[in-house]
Amino acid sequence: MTTAEKLYTREEFIALPDDVIQGCELIDGRIVRKHIWDGEDQGMTPDMASHMQVVRLTLRALDCAAEQSGLGAAYTEVTFSVGGSRERTRRADVAVIYGELPTEPDALLALAPAMAVEVISPNNTAVDVMAKVEEYLAAGVQPVWLSFPKPRTIIAFWSDHTAVFRPGDTITAEPILPGFSCPVTDLFPPPATLPL
């Protein structure tokens, strides 16, 4: 006799203790650990350190722009619902949220950020990453940035177009953060500090 896997609703998932859902998303009722944290029991890996540096630099730049514009703020690992009636949540590495971050779980679940950034790790699959992009866009999030630490490149997605930003380029967050522009290299640590 096999035991059926417990499937969670969004509300049940968000009510679990933080230490249980840290670094996890809810995908069709199943708790799924985000890829970068798969090796957590092995301690800090070079890829995890690189990921955290890119998140920190991106958060700092977007948060400063959001606060200066008076539109809101940037946060890390905010859980929000995607996918309509499916039991799915996502935790963007960085999310720009207009206004104040709600404190009630129901309001937080209903929240869709204005912009989402996913920092890509080596063990992310293209299928998983593109599924996230499609879910974010379907939830009204745009732009969605995919940030690739080693090539120091960002692919930005809007509902009607996609653009690639490389070192030497300047990236914007239009229309979410009007006037924001930043050299792509400011969102990544210097190449010498990235693991090979």
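Let me begin by describing the structure that accompanies this report. Just so it is clear, the structure is predicted and the values come from calculations on it, not from any experiment. (Residues numbered from 1 in each chain as written. Predicted model: local features only at pLDDT ≥ 70, side-chain atom pairs only at ≥ 80, totals over all residues. Heavy atoms only, no water.)

## Details of the overall build of the chain
When you go through the chain residue by residue, the secondary structure sums to 5 helices and 12 strands. When burial is assessed residue by residue, the chain has 45% of its 196 residues classed as buried. The long-range share in the chain, meaning contacts at least 24 apart out of those at least 6 apart in sequence, stands at 53%. Working note: accessible area of the chain is about 9,900 Å², and carbon and sulfur atoms make up 56% of it. (Helix = DSSP H or I, 4+ residues; strand = E, 2+ residues; numbered from the N terminus. Buried < 20%, exposed > 50% of the residue type's maximum accessible area, 1.4 Å probe, protein only. Contact = heavy atoms within 4.5 Å. Areas by Shrake-Rupley, 256 points an atom, 1.4 Å probe, with all protein chains shown as cover.)

## A short note on the pattern of salt bridges
Evaluation of the coordinates by the stated rule reveals 4 salt bridges. The partner of Glu135 in a salt bridge is Arg90, with the nearest N and O atoms 2.7 Å apart. With a gap of 45 residues between them, Glu135 in helix H5 (residues 126–138) and Arg90 in strand E5 (residues 88–92) connect regions that are remote in the sequence. Judged by its relative accessible area of 7%, Glu135 is buried. Look at Arg90 and you get buried, because its relative accessible area is 6%. (Salt bridge = Lys/Arg side-chain N within 4 Å of Asp/Glu carboxyl O.)

## Side note on the sheet that holds strand E6 (residues 94–98)
Here we have 6 strands laid out as an open sheet, ordered E3-E6-E7-E8-E9-E10, and mixed in their pairing. Every interior strand has two partners, whereas the edge strands, strand E3 (72–75) and strand E10 (162–165), have only one. Averaged over all adjacent pairs, the angle separating strand axes in this sheet is 15°, with direction ignored. Across 5 bridges, the pairing between strand E8 (residues 144–148) and strand E9 (residues 153–157) is antiparallel. In the sheet register, Val144 faces E9, and the bridge partner there is Phe157. Of the strands in this sheet, E3, E6, strand E7 (115–119) and E8 are in contact with helix H3 (residues 46–69), which crosses E3 at around 175°. (Pairing = 2+ DSSP bridges. Axes fitted to C-alpha atoms, helices over the stretch in contact; angles between N-to-C directions.)

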